[in-house]
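Structure at a glance
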Amino acid sequence: MTMPIDLAAGGAGVVGPNAVVQLGLALQDHYGPQTAQAVFSRSGYPDLVDHPPDVMINETIPASLMAGLWATLQAEDAHAIALEAGRRTADYVIAHRIPRAAKCALACAPKALGARLLLKSIHRNAWTFCGSGVCTIRTSPPLALLLRENPIRTPGCVWHVAVLERLFYRLVSSHAQVTHHALQVENCLVDRFEIAVA
């Protein structure tokens, strides 16, 4: 039986389901169903392994799962799985959420222009991963995406880095790199992701 998902619990924001779906798939592929079940059970969502969500979900669900990942696996293994889940999330977005014409336009544009266009598109769709946080972007060099009060933090924000880097790598430049910096701004935690495509 699928576990009911309370989208409004605690007044939290909602995010897309891929952080959960791709985490489960990455765990099963690399460590098997028992380890995936252990991570999801430890996080309080055992049913989501076999019944992954296909609707917007409470942001606390992927946050709990990411915390459970680090609590269950060794840090380096959790890091590797979060990276893989982030890459898979980006691959899903590219395959199912970006029109072919947009992919062609990004591929044909000069890299600097393509990177700005992609960053603006990510910002327009930030509601899918930002939840109750606030997303802003910088479109002049160095390009950057900033998340204030990021609801799905991991050590080093590795999942976000992987998603962003894969998107820019596949759609703009094979030399794309994303670096993360954690900042304190006006007593708020801000995750800054700088994007280089040269």
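Everything discussed here concerns the structure shown above.
Since we're looking at a predicted model, the values are computed, not measured.

What counts, and where the lines are drawn
- Residues numbered from 1 in each chain as written.
- Predicted model: local features only at pLDDT ≥ 70, side-chain atom pairs only at ≥ 80, totals over all residues.
- Heavy atoms only, no water.
- Salt bridge = Lys/Arg side-chain N within 4 Å of Asp/Glu carboxyl O.
- Helix = DSSP H or I, 4+ residues; strand = E, 2+ residues; numbered from the N terminus.
- Buried < 20%, exposed > 50% of the residue type's maximum accessible area, 1.4 Å probe, protein only.
- Axes fitted to C-alpha atoms, helices over the stretch in contact; angles between N-to-C directions.
- Parallel < 35°, antiparallel > 145°, perpendicular 65-115°, else oblique.
- Contact = heavy atoms within 4.5 Å.
- Nonpolar A, V, L, I, M, F, W, Y, C, P; charged D, E, K, R; others polar.
- Polar contact = N/O pair within 3.5 Å; in protein donor to acceptor, adjacent residues only side chain to side chain.
- Left-handed = near helix turned anticlockwise from the far one by under 90°.
- Pairing = 2+ DSSP bridges.
- Expected span 1.5 Å × (residues − 1).

Another aspect to go through is the pattern of salt bridges. Within the structure shown, the criterion is met by 6 salt bridges. With its nearest N and O atoms 2.8 Å apart, the salt bridge here joins Arg 88 to Asp 29. You can see Arg 88 sitting in helix H4 (residues 75-96) and its partner Asp 29 sitting in helix H1 (residues 18-31), a full 59 residues away along the chain. In this structure Asp 29 comes out as exposed when scored by relative accessible area, which is 54%. Put simply, Arg 166 and Asp 91 hold a salt bridge, and the shortest N to O gap is 2.9 Å. With Arg 166 in helix H8 (residues 158-171) and Asp 91 in helix H4, the pair connects residues that are 75 residues apart, well separated along the chain. Each member of the salt-bridge network shares a partner with another, and the members are Asp 29, Glu 84 and Arg 88.

On to the packing of H1 against helix H3 (residues 60-72). Put simply, H1 and H3 touch, their axes get as near as 9 Å, and they point 25° apart. Taken together, the axes of H1 and H3 are roughly parallel relative to one another. Residue-level contacts link Ala 19, Val 20, Leu 23 and Leu 27 of H1 to Ile 61, Pro 62, Leu 65, Met 66 and Leu 69 of H3. Its residues assigned to classes, the contact of H1 with H3 comprises 9 nonpolar, no polar and no charged.

Further remarks concern the side chain of Arg 192. Mapped onto the elements of the fold, Arg 192 is located in strand E6 (residues 188-196). Judged by its relative accessible area of 16%, Arg 192 is buried. A polar side-chain atom of Arg 192 sits 2.9 Å from a polar atom in the side chain of Glu 194. Residues within four places of Arg 192 in sequence aside, it is in contact with Arg 138, Pro 142, Ala 144, Leu 145, Leu 146, Thr 179, His 180, His 181 and Leu 183.

Across the interface, helix H2 (residues 33-43) lies against H3 with an axial gap of 8 Å and an inter-helix angle of 120°. In terms of orientation, H2 lies oblique with respect to H3. Judged by the twist between their axes, the crossing of H2 over H3 is right-handed. For the pair H2 and H3, contact is made by Ala 38, Val 39, Phe 40, Arg 42 and Ser 43 and by Ser 64, Leu 65, Gly 68, Leu 69, Ala 71 and Thr 72, respectively.

What follows deals with the pairing of E6. In this sheet, E6 lies alongside strand E4 (residues 143-148) in antiparallel orientation, the contact comprising 6 bridges. Along E6, the bridge assignment pairs Leu 146 with Arg 192. Sheet topology note: the strand E5 (residues 177-185)/E6 ladder contains 9 bridges and is antiparallel. Bridge pairing in E6 links Leu 183 to Val 190. Taking the residues that link successive antiparallel strands as the turn, the E5-E6 hairpin has 2 residues, and the phi of Glu 186 there is positive, at about 50°.

Strand order in the open sheet formed by 4 strands is E3-E4-E6-E5, with antiparallel pairing between adjacent strands. A single partner strand is all that each edge strand has here, and the edge strands are strand E3 (134-138) and E5. Strand-to-strand, the axes of this sheet are offset by a mean angle of 20°, without reference to chain direction. Looking at chain direction, E3 and E4 are connected through 5 bridges and run antiparallel. Counted as the bridge partner of Cys 135 is Leu 147 from E4. Packed on one face of the sheet, H8 meets E4, E5 and E6 and runs near 140° to E5.

Looking now at H4. With 22 residues, H4 should cover 32 Å at 1.5 Å per step; its first-to-last C-alpha distance of 31 Å lies within 8% of that length. Every buried residue of H4 is listed here: Ala 78, Ile 81, Ala 82, Leu 83, Ala 85, Gly 86, Arg 88, Thr 89, Ala 90 and Ile 94. Looking at the buried residues of H4, the elements they touch are H1, H3, helix H5 (100-108) and H8.

Shape descriptors only; they carry no functional weight alone.
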